[in-house]
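Summary of the model geometry
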Amino acid sequence: LVTILEKRSGCPPSHAKILVKIMTSLRQRRSKSGIFLGKDGLITPRDLLRWAERRAESKTELAEEGFMLLGERLRGESERELVRSEIEKELKVSINCNNLYFGENSLARNTFREAVSSASDDPSLKSVAQTTTLLRLLTLVLRCIKQKEPVLLVGDTGCGK
């Protein structure tokens, strides 16, 4: 797997080894929401390739990309926290979700500011509240767009998908 990640994704060898180690660790745990998925409940080989293809420069970026890719698709907070702690443990970094999603210079806030300033004659955009849910969703969708990955929005009827 390490060689495949290096050759196919151009992932540095040090990152490839860590990604495989995280995959091995997560596969030893079972997902509660994907109970019938077995060892692939929290991470699949395809997830590993997608993670490597995000071309993170530092271990912090690698951790953030991994959490957004693996952890954010899980519905249960306990599973999300499990993935986060496993990534932080192996990469020896801390994932600061508040900064990542809601910080003053976060991708979502900057994109939102640009959209509002470019549509200065449209008052409807200015009335959109920058809630934490909106900023988180915007960050995740923008990352998927950047990587040309598909996006599936899931939620209750009427929740504003």
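Here goes a summary of the coordinates provided.

1. Brief notes about the pattern of salt bridges
In total, this model carries 13 salt bridges according to the counting rule given. When the shortest N-O distance is used, the salt bridge between Arg54 and Glu149 registers 2.6 Å. Here Arg54 is found in the loop between α3 (45-52) and α4 (59-71), whereas its partner Glu149 is found in the segment after α9 (132-147), with 95 residues between them in sequence. The pair formed by Arg54 and Glu149 is uniform in burial state, with each residue classed as buried. Beyond isolated ion pairs, a larger network of salt bridges with shared partners links Arg50, Arg54, Glu65, Arg143 and Glu149.

2. Quick look at the environment of Leu1
On the secondary structure map, Leu1 appears in the segment before α1 (2-9). In this structure Leu1 touches Val20, Met23 and Leu48, once residues within four positions along its chain are discounted.

3. Topic: the layout of surface pockets
Gaps between atoms show up when a probe of the same size as a water molecule is rolled over them. Put simply, the largest pocket is a space of about 990 Å³. Glu72, Leu137, Leu152, Leu153 and Val154 are, among the 25 residues lining the largest pocket, the residues nearest its centre. Listing elements by their share of the lining of the largest pocket, those giving two or more residues are α4 and α9. In terms of residue count, α9 provides more of the lining of the largest pocket than any other element does, 8 residues in total.

4. What to know about the side chain of Glu72
In this structure, Glu72 sits in the loop between α4 and α5 (77-91). Accessibility expressed as a relative area gives 11% for Glu72, which makes it buried. In this structure the side chain of Glu72 is engaged in a polar contact, spanning 2.5 Å, whose partner is the side chain of Arg136. For Glu72, the residues in contact, after removing those within four places along its chain, are Phe67, Arg80, Tyr101, Arg136 and Leu140.

Conventions adopted
Residues numbered from 1 in each chain as written. Predicted model: local features only at pLDDT ≥ 70, side-chain atom pairs only at ≥ 80, totals over all residues. Heavy atoms only, no water. Salt bridge = Lys/Arg side-chain N within 4 Å of Asp/Glu carboxyl O. Helix = DSSP H or I, 4+ residues; strand = E, 2+ residues; numbered from the N terminus. Buried < 20%, exposed > 50% of the residue type's maximum accessible area, 1.4 Å probe, protein only. Contact = heavy atoms within 4.5 Å. 1 Å grid on protein atoms, 1.4 Å probe; cavity = no way out; pocket = protein on both sides within 12 Å on 5 of 7 lines; lining within 4 Å. Points joined across faces, edges and corners; volume = space filled by probe spheres on them. Polar contact = N/O pair within 3.5 Å; in protein donor to acceptor, adjacent residues only side chain to side chain.

These values are about where atoms sit, not about what they do.
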